[in-house]
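Spelled out, the chains give:
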Amino acid sequence: MKRINLLLLAAVLVLSAIPLLLPVSDGMSEPFPGADDQGKAAIIASHPDYKPWFTPLWEPPSGEIVNLMFALQGALGAGLLGYYIGLKRGQAQGRRRNDTDASD
Amino acid sequence: MHIMEGFLPPLHAAAWTAVSLPFVVTGARRVVRIVKQHPHAKLLLAACGAFTFVLSALKLPSVTGSCSHPTGAGLGAILFGPSVMAVLGCIVLLFQALLLAHGGITTLGANVFSMAIVGPWVAYGVFKLLRSVGGALTVAVFFAATLGDLATYLVTAVQLALAFPDPISGFAGAVVKFAGVFALTQIPLAISEGLLTVIVINLLTQYSRDELDELAFTAEVAG
């Protein structure tokens, strides 16, 4: 199981690394833009008269703060997920240990 | 899949909010019921939310030369049913709209519909279908998470095409255009999401048998 999971993880890493190694964003004004921003740009290109009628209530004042918030989001998720899996693994080990103790 | 703040005309924004609201309300009721009936599964439910938090924070490069992110919505849909994800997805989208100016309040309904409703229902449907025809658990999980993720991005493309049909090629042309931006980019990312979801399910079937039993998920696995 561990080996399968490591292989799956390696596949994800390869899938994510391939685009970085290929010349896929050659000729783009900026390499690897966000698809969400491209979607916005496509709207503006086909409907130049459209005026967004609402602006974000709060915007991170700089790219650094955006990074902070994304890192925070990832850390909250990874922290909780890691806690859960670690807890469950520990509980499973404890149960196994108790079982072997009881059978002694 | 985020439609940016203000980038849906008011009528569209209101309509998608009206469509999504009942799903979120039903989902919230279901979350309350799950927490009451299966208190032991509470932490697993939170872990499913956490998975969505991590995955939607990962902006990955794609072969189209642009970046997008997985959604992580398939896992919770498979384990707890799709309606639960309407709530968890809504929380993630609110976090991003308020703290990251990513997505928006006016487009929340539309974004919830694609990421937290259609994606999870597709994932759930694919999972049930593959299991019912005897597909292996990991295979069913992989295709469920992958296709659910792709469906989300296709819905975003359709939503934008409805609001912004192409001046020349109309709605159909706009679907193709927006799908080129969103869904094409998403293909390798959706595969990554499928693989990551299988990893988590592998860990859960190994360590969280008791919770999965309680959710009658292992009956599902055995059956």
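Here we summarise the structure given alongside this text. (Residues numbered from 1 in each chain as written. Chains lettered and ligands numbered in written order. Predicted model: local features only at pLDDT ≥ 70, side-chain atom pairs only at ≥ 80, totals over all residues. Heavy atoms only, no water.)

1. Structural notes on the overall build of chain A
Phase 1: Looking only at helices and strands, chain A has 3 helices and 0 strands in total.
Phase 2: Start at the N end of chain A and walk to the C end: the helices and strands fall as α-α-α.
Phase 3: For a compact globule of 104 residues, the expected C-alpha radius of gyration is about 13 Å, and chain A comes in at 23 Å, more than 25% above that figure.
Phase 4: Taken along the three principal axes of its C-alpha coordinates, chain A extends 80 × 40 × 25 Å.
Phase 5: Buried positions account for 25% of the 104 residues belonging to chain A.
Phase 6: Accessible surface, chain A: about 7,100 Å² in total, of which carbon and sulfur atoms supply 63%. (Helix = DSSP H or I, 4+ residues; strand = E, 2+ residues; numbered from the N terminus. Rg over C-alpha atoms; globule rule 2.2 N^0.38 Å. Buried < 20%, exposed > 50% of the residue type's maximum accessible area, 1.4 Å probe, protein only. Areas by Shrake-Rupley, 256 points an atom, 1.4 Å probe, with all protein chains shown as cover.)

2. With respect to a nonpolar patch on the surface
Phase 1: There is a patch of nonpolar side chains on the surface, built from Leu57(A), Trp58(A), Leu94(B), Leu98(B) and Ile105(B) and spanning about 420 Å² of accessible area.
Phase 2: Within the element layout of this structure, Trp58(A) appears in the loop between helix H2 (35-46) and helix H3 (63-103).
Phase 3: Residue Trp58(A) is classed as partly exposed on the basis of its relative accessible area, which comes to 37%. (Patch = residues over 30% accessible without salt bridge, like charges linked within 9 Å, V, L, I, M, F, W, Y side chains within 5 Å. Salt bridge = Lys/Arg side-chain N within 4 Å of Asp/Glu carboxyl O.)

3. Here's the deal with the side chain of His102(B)
Phase 1: As for its position among the elements, His102(B) is in the loop between helix H4 (82-99) and helix H5 (108-132).
Phase 2: Here His102(B) falls in the buried class, since its relative accessible area comes to 9%.
Phase 3: Ignoring sequence-local partners within four residues, the contact set of His102(B) consists of Asp36(A), Phe70(A), His2(B), Met4(B), Lys59(B), Gln96(B) and Ala97(B). (Contact = heavy atoms within 4.5 Å.)

4. A closer look at the side chain of Asp36(A)
Phase 1: Secondary-structure assignment places Asp36(A) in helix H2.
Phase 2: Comment: no salt bridge for buried Asp36(A); closest opposite-charge side chain is Lys59(B), at 5.8 Å.
Phase 3: Only 3.1 Å separates the side chain of Asp36(A) from the backbone nitrogen of His2(B), close enough to count as a polar contact.
Phase 4: Sequence-distant contacts of Asp36(A), that is, excluding residues within four places in its chain, are made with Met1(B), His2(B), Met4(B), His69(B), His102(B) and Phe182(B). (Lys, Arg positive; Asp, Glu negative; His and termini not counted. Polar contact = N/O pair within 3.5 Å; in protein donor to acceptor, adjacent residues only side chain to side chain.)

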